[in-house]
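# Per-entry structural report
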Amino acid sequence: MDDVHHMRRAIAVAETVRGSTSPNPWVGCVIVPADPGTTFEGATAPPGGPHAEIAALAQAGDQAKGATLFTTLEPCVHQGRTPPCTAAIIEAGVARVVIGLEDPDLQVAGQGATALRDAGVEVSTGIEVGAVTEQLAPYVKHRTTGQPWVILKLAASLDARTAAPDGSSRWITGEEARQDVHRLRAASDAVLVGAGTVRADDPELTVRLHHHDHDQPLRVVLGTAPPNARVHPALELSGDLGEVLTDLGQRGVLQLLVEGGARVAHDFHAQGLVDRYVIYLAPVLFGGDDGRPLFAGPGAGTIGDVWRGRLVSVERLGDDLRVEVAA
């Protein structure tokens, strides 16, 4: 049996529910019966609904007996909003369980795999663990630190300017890049901007995609937004950014998208609070040093102090480039 092939399919199934399951992780499951020929799939539902394994078992029915079950995350062993998945897997007579990533949640943390083995189920772990870890990075960070995974979104000209000296900036990037931002929002539990950006641009910060049928992300403003701003209803927070992230983590935010402005971007970057940078670069040149910069605030004083990240991907979107960098 091709474990990698089936786990990759489970990863793809999990991606279809990203942005709708928080604070639960987005998990995918594939069941391959003992008599191959068809497979059964499931993905985690929003909180209160079935986990991926339960959804797949419901599809498989009697064909789960003797089957191999592939799941991106270790099955739960505790009673939460729903019964434990391990008990359902054992009761269904599944012969083998293949796990991508051990669950970092202390209520599971290896206990799920142990419970399955104790019941006579063969368990394999670590299949496509790198890809699953990347997919579930926000969940892992939330469960291990209590804070959300932070993505800082930036859009700029090739000479690293975000707006003209008069503040005008619409639009530096093209339609494809702007649609990608909406996909980022859709995958995030909350979107954050500073009150200055609200006053200057009056953004809605909503997801505007034809196929988007999930709840809108929580809109967060650092400071106080004008009462008639389009961002409302919004959560208004202030103070230490670390405390802001802890507050959001306690509200079930696993992934936070920070969209600006330049002062907010600077402060998150300077304090080392960004996990991923997504930068959209347009083939535009302001041609001077008086345009608005990506960051507003003091930077590295010498070349030895510059921040260096790891390039994750570079993708062309229309005429623009999408550059993703890991901290």
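Every value quoted in this text rests on a predicted model; they were computed, and no experiment measured them. (Residues numbered from 1 in each chain as written. Predicted model: local features only at pLDDT ≥ 70, side-chain atom pairs only at ≥ 80, totals over all residues. Heavy atoms only, no water.)

## Quick word on the packing of aromatic side chains
This model, assessed by the stated rule, comprises 1 aromatic pair. On the numbers, 4.8 Å between centres and 55° between planes, the contact of Tyr277 with Trp307 is tilted. Taken together, the residues Tyr277 in strand β12 (residues 276-282) and Trp307 in the loop between β13 (292-293) and β14 (310-317) connect sequence positions 30 residues apart. Tyr277 sits in the buried class, given a relative accessible area of 5%. In this structure, Arg178 packs its charged tip against the face of Trp171, placed 4.5 Å from the ring centre. (Phe/Tyr/Trp six-rings, centres within 6.5 Å; stacked < 30°, edge-to-face > 60°. Helix = DSSP H or I, 4+ residues; strand = E, 2+ residues; numbered from the N terminus. Buried < 20%, exposed > 50% of the residue type's maximum accessible area, 1.4 Å probe, protein only. Lys NZ or Arg CZ within 6 Å of the ring centre and 35° of its normal.)

## Topic: the sheet that holds strand β3 (residues 68-73)
Strand order in the open sheet formed by 5 strands is β2-β1-β3-β4-β5, and the pairing between neighbours is mixed. Of all strands in the sheet, those bounded by a partner on one side alone are β2 (40-43) and β5 (122-125). For this sheet the average axis-to-axis angle between neighbouring strands, irrespective of direction, equals 15°. Helix-sheet contacts for helix α4 (residues 111-118) involve β4 (96-101) and β5, and the interaxial angle to β5 is about 150°. (Pairing = 2+ DSSP bridges. Axes fitted to C-alpha atoms, helices over the stretch in contact; angles between N-to-C directions. Contact = heavy atoms within 4.5 Å.)

## Some details on the confidence of the model for the chain
Confidence along the chain averages 91 in pLDDT terms, with 97% of residues attaining 70 or more. When pLDDT is averaged over each element of the chain, strand β1 (residues 28-32) comes out on top at 97 and helix α8 (residues 195-201) at the bottom at 87. (pLDDT = per-residue confidence, 0-100.)

## Remarks on the environment of Pro36
Looking at the element boundaries, Pro36 is found in the loop between β1 and β2. The class of Pro36 is exposed, set by a relative accessible area of 60%. Sequence spacing of Pro36 and Gln63 is 27 residues, and the spatial spacing of their C-alpha atoms is 10.0 Å.

## Observations regarding the side chain of Thr206
Looking at the element boundaries, Thr206 is found in the loop between α8 and β9 (218-222). Residue classification places Thr206 among the buried residues on the basis of a relative accessible area of 12%. Those residues in contact with Thr206, other than ones at most four positions away along the chain, are His182, Arg185, Gln216 and Arg219.

## A word on the pairing of β9
Within β9, 4 of the 5 residues are buried, which leaves it mostly tucked inside the rest of the structure. Relative to β9, strand β8 (residues 190-194) is paired through 5 bridges, and the arrangement is parallel. The partner of Val191 across the bridge, within β9, is Arg219.

## Section: helix α6 (residues 137-145)
Residues Ala137, Pro138, Tyr139, Lys141 and His142 constitute the buried set of α6. Buried residues along α6 sit in contact with β3, α5 (129-135), β6 (149-157), α9 (241-250) and β11 (255-260). The first or second residue beyond α6 is Gly146, which carries a positive phi of 80°.

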